[in-house]
Protein chains: 2
Amino acid sequence: MHENLSETMSQDRIKATYLVETAYDLEQAAQIMAGEQSCGTFLRTPGESDSLRANHLATVDHLQKVANVAAPSLPGARSKSNGPIQQAYVTLSWPLANVGINLSSLVSTIAGNLFELAPFSGIKLLDFEVPDNYISKYPGPAFGVAGTRRLVDVYNRPIIGTIIKPSVGLTPQQSAMQTKQLVTAGLDFIKDDELQADSPHSPFEARVSQTMQVLQDYADATGRKPMYAFNISGDMDDMMGRHDFLIAQGATCLMVNLNWVGISAVVQLSRHTAIPIHGHRCGWGMFNRAPVLGMAFSAYQKIWRLAGVDHIHTNGIRNKFCEDDASVIASIKACQSDFIGQKSPMAVLSSGQWAGQAADTFSAIGNTDLMYLCGGGIVAHPAGMTAGVKSIQQAWQAATDQVPLSTYSQNHIELRQAMEFFGKLEM
Amino acid sequence: MHENLSETMSQDRIKATYLVETAYDLEQAAQIMAGEQSCGTFLRTPGESDSLRANHLATVDHLQKVANVAAPSLPGARSKSNGPIQQAYVTLSWPLANVGINLSSLVSTIAGNLFELAPFSGIKLLDFEVPDNYISKYPGPAFGVAGTRRLVDVYNRPIIGTIIKPSVGLTPQQSAMQTKQLVTAGLDFIKDDELQADSPHSPFEARVSQTMQVLQDYADATGRKPMYAFNISGDMDDMMGRHDFLIAQGATCLMVNLNWVGISAVVQLSRHTAIPIHGHRCGWGMFNRAPVLGMAFSAYQKIWRLAGVDHIHTNGIRNKFCEDDASVIASIKACQSDFIGQKSPMAVLSSGQWAGQAADTFSAIGNTDLMYLCGGGIVAHPAGMTAGVKSIQQAWQAATDQVPLSTYSQNHIELRQAMEFFGKLEM
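Residues numbered from 1 in each chain as written. Chains lettered and ligands numbered in written order. Predicted model: local features only at pLDDT ≥ 70, side-chain atom pairs only at ≥ 80, totals over all residues. Heavy atoms only, no water.

Draft legend 1. Spatial organisation of empty space enclosed by the protein. Scanning all chains against the criterion turns up two cavities of 30 Å³ or more. Here the largest cavity defines a volume of roughly 180 Å³. Around the largest cavity sit 19 residues that line it, and Asn259(A), Trp260(A), Phe287(A), Asn259(B) and Phe287(B) are the ones nearest its centre. Those elements that provide at least two residues to the lining of the largest cavity are α9 (258-261) and α12 (297-307) of chain A together with α9 (258-261) and α12 (297-306) of chain B. Of the residues that constitute the lining of the largest cavity, the class distribution is 15 nonpolar, four polar and no charged. (1 Å grid on protein atoms, 1.4 Å probe; cavity = no way out; pocket = protein on both sides within 12 Å on 5 of 7 lines; lining within 4 Å. Points joined across faces, edges and corners; volume = space filled by probe spheres on them. Helix = DSSP H or I, 4+ residues; strand = E, 2+ residues; numbered from the N terminus. Nonpolar A, V, L, I, M, F, W, Y, C, P; charged D, E, K, R; others polar.)

Below, the structure written as structure tokens:
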């Protein structure tokens with residue numbers, strides 16, 4: 001296999017684009033990045049022949065100054081230069097053959113030691129590309145948007161969901177009772193909180209079997225089985241055991257905390273499972289919140305697409321976290337962008353969502369291929385949960401029909417109640 | 001099992017300490033963190049009874065103002081307060097029963113959504129503690145310092161090592177030839193670069209078998225087998241296959257890129273393997289380089305100790321990266337600190353190391369339970385590699401004997417040559 005792949009790989013390249021900040025000459029700084037992340041070290045070593053460099057050195061494909069900055073964004077940079085501190089976009093590329101088709105090696109190459117390079121007072125990975133033949137080993141989401149819609153039987157509007165709350169402390173019986181209320185109210189999708197796993201007060205198997213009984217009863221009565229994403233995050237063997245239990249119980253989705261389970265475990269799950277993987281990004285703020293450090297969501301979601309994740313959290317607009325709307329919209333669009341012919345993962349919008357964000361979200365995204373998760377926006381509706389679900393459905397119908405909420409709500413009481421109640425809270 | 005554990009867990013707590021930055025009242029801000037990461041959501045939910053809160057809510061155990069700051073460290077914070085922006089230490093604790101004994105859930109609890117909380121313009125996880133019974137599921141490094149020393153037969157001084165360079169591009173035969181030169185020069189330990197894995201120009205099995213033949217020949221001749229850490233990073237099945245191949249070939253160490261293989265995969269490896277795990281932290285800068293975001297190394301190394309990592313990279317003093325000496329020393333001390341009765345992982349010092357840092361490193365750490373990795377500091381020695389290795393051994397002997405280098409080098413020519421050559425470069 002290596003020989004044939006070698007032939008193909010020699011023409012193929014990995015590309016990555018960064019925002020960098022440095023007091024060095026920009027060209028020199030970019031070459032230092034390229035050296036560190038390919039065949040180089042700080043000094044050229046004896047074995048580093050010209051032909052080896054020609055075959056393996058990363059190249060600087062693009063360099064574009066952005067701006068001067070008054071002070072370094074991060075401490076620790078060391079420079080003998082008295083030049084200005086500049087920010088710039090840098091695109092590097094590597095021969096695919098440097099690391100082969102290997103997801104953890106790919107990330108080590110594009111997001112490895114370079115964050116600690118002394119010439120830089122900031123480096124952020126903005127985006128990356130891999131050759132199309134990556135799909136031979138990493139086929140991407142097995143379900144994505146279409147597969148998830150098929151499982152929940154919801155088309156032409158977002159999949160409307162919620163999260164079991166409180167996050168921690170409910171018994172399996174209490175979780176199942178809450179699930180019953182939520183599906184009776186008309187929800188398509190429910191997920192565990194990322195803090196729920198397998199704990200003394202809520203053993204995984206008891207929670208799953210009692211919850212799945214509720215969902216099966218509902219499906220028997222209505223012909224439609226809502227999707228529940230059970231959090232199986234844990235050690236590999238535990239996750240595999242929990243996965244098999246989910247399948248045996250008729251569950252249609254599993255959830256993992258992506259960052260703290262890790263890439264190799266998620267790849268393994270995606271190869272093994274026959275149900276969608278709901279990817280929670282808890283811890284994500286650590287990767288992205290510094291403006292010139294870490295990685296942007298555009299790069300992050302590609303890593304998890306390669307790992308086979310079907311749903312990935314993006315926040316929603318006007319959320320309660322620190323992320324602004326432009327960033328949320330960019331994240332959702334990134335999930336929906338083409339990437340080596342893979343299916344797109346479904347963006348999961350949540351945090352402070354109610355009927356009020358539907359129109360602006362649709363206007364920005366232009367489709368309804370989303371999971372729209374509401375907590376208070378459903379359960380705190382003044383006329384109850386069923387009315388809460390209806391208000392969300394109505395808001396999305398108005399959005400896709402391009403009818404102003406103020407008009408649509410005249411004939412839709414649940415929406416009107418939501419606007420009166422939640423609209424006031426937003427003031 | 002759950003019933004017995006439940007009894008114990010109810011008395012046990014997880015603790016985590018953060019540096020935070022907020023314009024909110026500090027007590028209120030800390031309570032928001034505690035709520036988000038335990039049973040709460042933004043609003044108290046109907047199921048969140050008083051007894052549930054009493055049993056599961058995280059508590060604010062300690063709060064200590066550090067300083068006012070003039071401007072927010074990170075963008076995105078939202079505050080209705082006109083108060084000053086303050087930095088403070090916050091210690092939270094959780095009942096162990098909230099998430100049970102589960103490493104990925106532990107990290108999701110102490111390092112989850114909280115980094116995105118809008119009241120904060122910065123949150124960094126500084127350290128954490130878990131109850132001693134965590135060791136029942138996570139016994140920690142199987143080898144650590146003593147087990148690694150036994151395998152390489154080196155005592156009373158650091159294990160002296162190097163990295164195969166160039167990072168990428170050598171054929172298996174070239175790697176093996178370089179290994180032969182390095183072990184003949186007297187090195188105890190060699191590692192793959194983190195960018196080496198399984199690639200068309202250097203297929204894993206060919207590299208391992210040719211390298212192990214060199215090490216076995218050396219062991220047959222000398223009675224001592226140097227340790228080589230082969231980078232097996234990849235998908236789970238690939239890693240397991242590579243691991244088994246290593247064992248079959250008589251290898252005594254495996255390496256993984258911790259961050260990009262991930263917690264669950266490393267736990268799985270540590271349960272499966274009979275050789276030490278060499279943990280490379282490439283990508284680490286992303287987690288730590290922002291002063292008030294991410295996690296400090298003290299917390300980071302505990303996560304990987306729990307996962308079973310035997311060696312972990314810390315940089316060395318006067319390194320070529322952006323990390324200052326105080327931070328390096330604190331990292332090494334963190335690795336050597338007590339943690340729930342586990343063995344300590346061996347700190348791996350590297351980057352710009354030569355004989356010149358031995359005395360200051362020993363003076364700061366007080367022992368030699370370290371891996372001391374030199375690149376140029378050995379191979380660029382003016383009298384050759386063997387002299388390079390000797391110069392490092394001599395520098396450490398001088399350090400542990402508390403003899404000044406200037407004195408010791410009078411009778412040790414390799415050390416004197418190193419001081420003359422590398423000392424000049426450092427000017």
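Draft legend 2. Main features of the packing of helix α4 (residues 103-110) of chain A against α12(A). All names here are of chain A. The contact between α4 and α12 brings their axes to 11 Å, and the two run at 165°. With respect to α12, the axis of α4 lies roughly antiparallel. Here the hand of the crossing between α4 and α12 comes out right-handed. Seen from α4, the contacting residues are Leu103, Leu106 and Val107; seen from α12, they are Ile303, Leu306 and Ala307. Of the residues that constitute the contact of α4 with α12, the class distribution is six nonpolar, no polar and no charged. (Axes fitted to C-alpha atoms, helices over the stretch in contact; angles between N-to-C directions. Parallel < 35°, antiparallel > 145°, perpendicular 65-115°, else oblique. Left-handed = near helix turned anticlockwise from the far one by under 90°. Contact = heavy atoms within 4.5 Å.)

Draft legend 3. Main features of the interface of chain A and chain B. With 94 residues of chain A at the interface, the matching set in chain B holds 95 residues. Both faces combined, the contact of chain A with chain B buries some 7,800 Å², and carbon together with sulfur accounts for 57% of it. Here chain A and chain B share eight salt bridges between them. The partner of Asp238(B) in a salt bridge is Lys137(A), and the shortest N-O contact between them spans 2.7 Å. Connecting chain A to chain B are 46 residue pairs in polar contact (both at pLDDT 80 or more). At six residues, helix α10 (residues 263-272) of chain A tops the list of elements feeding residues into the side of chain A that touches chain B. In terms of residue class, the side of chain A that touches chain B is made up of 40 nonpolar, 37 polar and 17 charged. (Buried area = accessible area lost by both parts, 1.4 Å probe. Salt bridge = Lys/Arg side-chain N within 4 Å of Asp/Glu carboxyl O. Polar contact = N/O pair within 3.5 Å; in protein donor to acceptor, adjacent residues only side chain to side chain.)

Draft legend 4. Looking closely at helix α13 (residues 325-336) of chain B. End to end, α13(B) covers 17 Å across 12 residues, agreeing with the expected 16 Å (1.5 Å per residue, within 8%). Elements in contact with the buried residues of α13(B): α12, β11 (311-313), β12 (346-349), α14 (358-365) and β13 (370-373) of chain B. (Expected span 1.5 Å × (residues − 1).)

Draft legend 5. Structural view of the side chain of Gln357(A). Residues and elements named next belong to chain A. Mapped onto the secondary structure, Gln357 falls in the loop between β12 (346-349) and α14 (358-365). The class of Gln357 is buried, set by a relative accessible area of 0%. Leaving out residues up to four positions away in the same chain, Gln357 has contacts with Ile317, Arg318, Gly352, Tyr372 and Glu426. (Buried < 20%, exposed > 50% of the residue type's maximum accessible area, 1.4 Å probe, protein only.)

Draft legend 6. A look at the confidence of the model for chain A. In this model, chain A carries an average pLDDT of 94, and 96% of its residues clear a pLDDT of 70 or more. The complex prediction reports pTM at 0.96, with the ipTM value standing at 0.96. (pLDDT = per-residue confidence, 0-100.)

Draft legend 7. Representation of the pattern of salt bridges. In this structure the tally under the stated criterion is 28 salt bridges over all chains. Between Lys137(A) and Asp235(B) there is a salt bridge; the shortest N-O distance is 3.9 Å. Taken as a pair, Lys137(A) in the loop between β4 (120-129) and α5 (144-152) and Asp235(B) in the loop between β7 (227-231) and α8 (236-248) lie in two separate chains rather than in one. Its relative accessible area of 2% is what places Asp235(B) among the buried residues. The shortest N-O distance in the salt bridge between Asp192(B) and Arg207(B) comes to 2.7 Å. Here Arg207(B) lies in helix α7 (residues 204-222) and Asp192(B) lies in the loop between β6 (189-191) and α7, a separation of 15 residues in the sequence. In this structure, Asp192(B) and Arg207(B) share a single accessibility class: buried. Taken together, the salt bridges that share partners define one network made up of Lys137(A), Arg271(A), Asp235(B) and Asp238(B).

Draft legend 8. Highlighting the sheet that holds strand β6 (residues 189-191) of chain A. All names here are of chain A. In space, the eight strands of this closed barrel follow the order β5-β6-β7-β8-β9-β11-β12-β13, with parallel pairing throughout. The average undirected angle you get between the axes of adjacent strands in this sheet is 25°. As paired elements, strand β5 (residues 159-163) and strand β13 (residues 370-373) share three bridges and run parallel to each other. Residue Ile160 lies in a different strand from β13, and its bridge partner there is Tyr372. (Pairing = 2+ DSSP bridges.)

Draft legend 9. Structural detail: the pairing of strand β3 (residues 85-95) of chain A. Residues and elements named next belong to chain A. Judged by how many residues are buried, β3 sits mostly within the fold: 10 of 11 residues are covered. The pairing of strand β1 (residues 13-22) with β3 spans 10 bridges and is antiparallel. The residue of β3 that forms the bridge with Thr17 is Thr91. Two elements, strand β2 (residues 59-69) and β3, share nine bridges in a ladder whose sense is antiparallel. Across the sheet, the residue bridging to Thr59 is Ser93, located in β3.

Draft legend 10. Main features of the relation of the copies chain A and chain B. Note on the identical chains: chain A maps onto chain B by a rotation of 180° and an axial translation of 0.0 Å, with an RMSD of 0.0 Å. As the rotation angle and translation indicate, the two copies are arranged about a two-fold axis. The rotation axis passes nearest to the C-alpha of Gly262(A) in chain A, at a distance of 1.9 Å. The share of interface residues of chain A whose copies in chain B are also at the interface is 100%, consistent with both copies meeting through the same surface. (Least-squares fit on C-alpha atoms with pLDDT ≥ 70 in both.)

Draft legend 11. How the structure looks around the packing of aromatic side chains. As enumerated under the stated definition, the model contains 29 aromatic pairs over all chains in all. Measuring from centroid to centroid gives 6.0 Å for Phe287(A) and Tyr300(A), while their planes differ by 55°, and the two rings are tilted. Residue Phe287(A) is found in helix α11 (residues 284-288), and its partner Tyr300(A) is found in helix α12; the two are separated by 13 residues along the sequence. Using a relative accessible area of 4% as the deciding quantity, one classes Phe287(A) as buried. Ring geometry for Phe297(B) and Tyr300(B): centres 5.9 Å apart, planes at 40°, overall tilted. Residue Phe297(B) and its partner Tyr300(B) are located together in helix α12, separated by three residues, close to a single helical turn. Each of the two residues, Phe297(B) as well as Tyr300(B), counts as buried. Joined through ring pairs, the aromatic side chains of Trp260(A), Trp284(A), Phe287(A), Phe297(A), Tyr300(A), Trp304(A), Trp260(B), Trp284(B), Phe287(B), Phe297(B), Tyr300(B) and Trp304(B) make up one cluster. Between Lys302(A) and the ring centre of Phe128(A), over which it is positioned, the NZ or CZ distance is 5.9 Å. Geometry around Phe204(B) places Arg242(B) over its ring, the cationic atom sitting 5.8 Å from the centre. (Phe/Tyr/Trp six-rings, centres within 6.5 Å; stacked < 30°, edge-to-face > 60°. Lys NZ or Arg CZ within 6 Å of the ring centre and 35° of its normal.)

Draft legend 12. Looking closely at α14(A). Residues and elements named next belong to chain A. Within α14, burial applies to Ala358, Thr361, Phe362 and Ile365. Projected onto a plane normal to the axis of α14, the buried residues spread over an arc of 95° and lie on a single side. On its buried face, α14 is in contact with α13 (325-336), β12, β13 and α16 (385-401). Positive backbone phi, approximately 80°, marks Gly366, located one or two places after α14. (Arc of directions from axis to C-beta.)

Draft legend 13. A look at the environment of Ile163(A). Here Ile163(A) shows up in strand β5. Distance from Ile163(A) to Leu373(A), taken between C-alpha atoms, is 7.4 Å for residues 210 residues apart in sequence.

Draft legend 14. Main features of the environment of Ala111(B). Its location among the elements puts Ala111(B) in the loop between α4 (103-110) and β4 (120-129). In sequence terms Ala111(B) and Gln37(B) are 74 residues apart; their C-alpha atoms lie 8.8 Å from each other. Residues contacting Ala111(B), with those up to four places away along its chain left out, are Trp260(A), Cys282(A), Gly283(A), Met286(A), Leu125(B) and Met295(B).

Draft legend 15. Highlighting the sheet that holds β11(B). Residue and element names in this part refer to chain B. Read around the closed barrel, eight strands run β5-β6-β7-β8-β9-β11-β12-β13, paired in parallel fashion. The mean angle between the axes of side-by-side strands here comes to 25°, regardless of whether they run parallel or antiparallel. On the sheet, helix α6 (residues 172-184) packs against β5 (159-163), β6 and β7 and is oriented at approximately 155° with respect to β6.

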